Amino acid sequence: MKYRYGNTWFDTVTLRISVGDTPEDCSAAVPPVPASEVKAVQAVVTRRCNLSCSYCNVMLSGDTPDDMTFETADSVIKAAEDASPGRLVMVTGGEPLLVPDVTFHILERVDAPKVLFTNATLVSPEIASELKRMRVSPVVSLDGTESVHNSQRCGSWARAAKGLDTLRETSVSYGISTVVSHHNHQNISTEMEELYSRFMPASMGFNILHWTPGSFDPISAEAYTDAIGRVFHTALKHGIFVDQIARRIDPIISGVYRHRDCAALGGKIVFHPDSRISNCISGREMKDWSGRMPVLMEYCADCPVAGICGGGCAWDAIHLGGEGKPDARHCMWVKHILNLFLEDVAKHFPKGPVSRGKLKKRYGCLVTRGGSALTGSIGH
Ligand code: SF4
Ligand code: SF4
């Protein structure tokens, strides 16, 4: 199928782009779905946290605030050993540095790539050195400059900034993960530039709020779409890797159709502190959500962005879209990013087909995580 935006054409299956001219042949079949090998192993080592951010989905899940045992941690290590080569191990919480013994028990025993999701308020020089030695890539939650961050994250900016400075002084490559909501969406470009120049992260992420029972109060789909569009332009201006953007642009540059946006659609195991396992961090049972891949959803049959979308977050789709439908917020912002991308291509390339090599030259910075052992998305 072919899709046109302005003066630019996009083959929705081969993901090839042509400026001005209509592509000759747009009849390629969608590539087969790759087997669902385990690509991601996630350990929720504790449900406790030293902060209590208003939108925290761990806090809102209603589970008991318990810690992982060493026995369950050993199951995590075994699952990582048995997983496909190149699988990602993610250690998260709550705040995982509240239980350093279990956290480092896992991180010490699994090979890279491995990511620690933390609020960074407990990062000491000793912890930073250990993370460096173990080749761990931390991803730190930071929602913007001091007053913006403090408005939602319990006044923790100074402590988080100190933790980030310590990581940087220890030459640990880290990412910053930002929740985009009422407190920061209007000034997101400025907040992003300030964070980037102050902390020089290897990657950034700008997340829409996941569905939670009870107090779910996200910004509108339009507001998030507008914000992520501004993130796209800021990323391009400074050459910043942004997880949500990279996952959309990488299929176009590499030519690899994106069937699954999240490994929860096939290929993820999450270990919870009470030893339950699930396919999704928000769920508590192992479920087969492969039917939520766009290629298998009737709703997605004529969608122009199906090859770069991957279906988005299945948890949100189930709770906000319903049976057989995606999360409409995801569809809206992914289409907007494709349109902005095609608009930019039209501005910078002459009439005719645009090769993947040429695209890589201009947009490679958006899909390469700078200065890190990790080269791709780490799921901010
Ligand atoms: S953007 Fe929405 S409609 Fe399109 S493929 Fe993705 S989930 Fe389906
Ligand atoms: S389905 Fe959504 S909530 Fe679950 S692991 Fe994936 S992105 Fe996270």
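The paragraphs below set out a description of the structure included in this document. (Residues numbered from 1 in each chain as written. Chains lettered and ligands numbered in written order. Predicted model: local features only at pLDDT ≥ 70, side-chain atom pairs only at ≥ 80, totals over all residues.)

**A look at the packing of helix α7 (residues 188–199) against helix α8 (residues 221–238)**
At a closest axis distance of 9 Å, the pairing of α7 and α8 adopts a crossing angle of 40 degrees. Relative to α8, α7 is oriented so that their crossing is right-handed. Touching Ile188, Ser189, Met192, Glu193 and Tyr196 of α7 are Ala227, Arg230, Val231, Thr234 and His238, all from α8. Class assignment of the residues belonging to the contact of α7 with α8 gives a composition of 5 nonpolar, 3 polar and 2 charged. (Axes fitted to C-alpha atoms, helices over the stretch in contact; angles between N-to-C directions. Helix = DSSP H or I, 4+ residues; strand = E, 2+ residues; numbered from the N terminus. Left-handed = near helix turned anticlockwise from the far one by under 90°. Contact = placed C-beta atoms within 7 Å. Nonpolar A, V, L, I, M, F, W, Y, C, P; charged D, E, K, R; others polar.)

**Brief notes about the packing of α8 against helix α12 (residues 328–348)**
Contact pair α8 / α12: the axes reach a minimum separation of 9 Å and the direction vectors enclose 35 degrees. Seen along the crossing, α8 lies across α12 with a hand that is right-handed. On α12, the residues that touch Ala221, Tyr224, Thr225, Ile228, Gly229, Phe232 and Leu236 of α8 are Ala328, Arg329, Met332, Trp333, His336, Ile337, Leu340 and Asp344. Here the contact of α8 with α12 is composed, by residue class, of 10 nonpolar, 3 polar and 2 charged.

**Considerations on the sheet that holds strand β11 (residues 277–278)**
Ordered in space as β9-β8-β7-β6-β5-β4-β10-β11, the 8 strands form an open sheet in which the pairing is mixed. At either end of the open sheet lies a strand with only one pairing partner, and these are β9 (203–207) and β11. Where strand β10 (residues 268–271) lies against β11, 2 bridges are found, and the strand directions are antiparallel. Looking at the pairing, phenylalanine 271 lines up with isoleucine 277 of β11. (Pairing = 2+ DSSP bridges.)

**As for the environment of serine 197**
In this fold, serine 197 is placed in helix α7. Of the residues examined, serine 197 has 9 C-beta atoms within 10 Å and is grouped as exposed. For the pair formed by serine 197 and histidine 238, sequence separation is 41 residues and the distance between their alpha carbons is 10.0 Å. (Buried ≥ 20, exposed ≤ 12 C-beta atoms within 10 Å, placed from the backbone.)

**Some words on the site of ligand 2**
Taken together, His210, Cys262, Ala264, Cys280, Ile281, Ser282, Cys313, Ala314 and Trp315 form the complete shell of residues around ligand 2. Along the lines of polarity and charge, the residues of the shell around ligand 2 split into 7 nonpolar, 2 polar and no charged. (Near = placed C-beta within 6 Å.)

**Some words on helix α6 (residues 157–169)**
Look at α6: 18 Å from first C-alpha to last across 13 residues, which is about the 18 Å you get at 1.5 Å a residue. Taken as a whole, α6 has its buried residues at Trp157, Ala160, Ala161, Gly163, Leu164 and Leu167. When α6 is viewed along its axis, its buried side chains cluster within an angular range of 160 degrees and face the same direction. Of the residues in α6, the exposed ones pointing more than 90 degrees away from the buried face are Ala158 and Glu169. Tucked into the core, α6 has its buried residues touching α4 (125–133), β7 (137–141), α5 (146–152) and α7. Within two residues after α6, serine 171 carries a phi angle of roughly 60 degrees, on the positive side. (Expected span 1.5 Å × (residues − 1). Arc of directions from axis to C-beta.)

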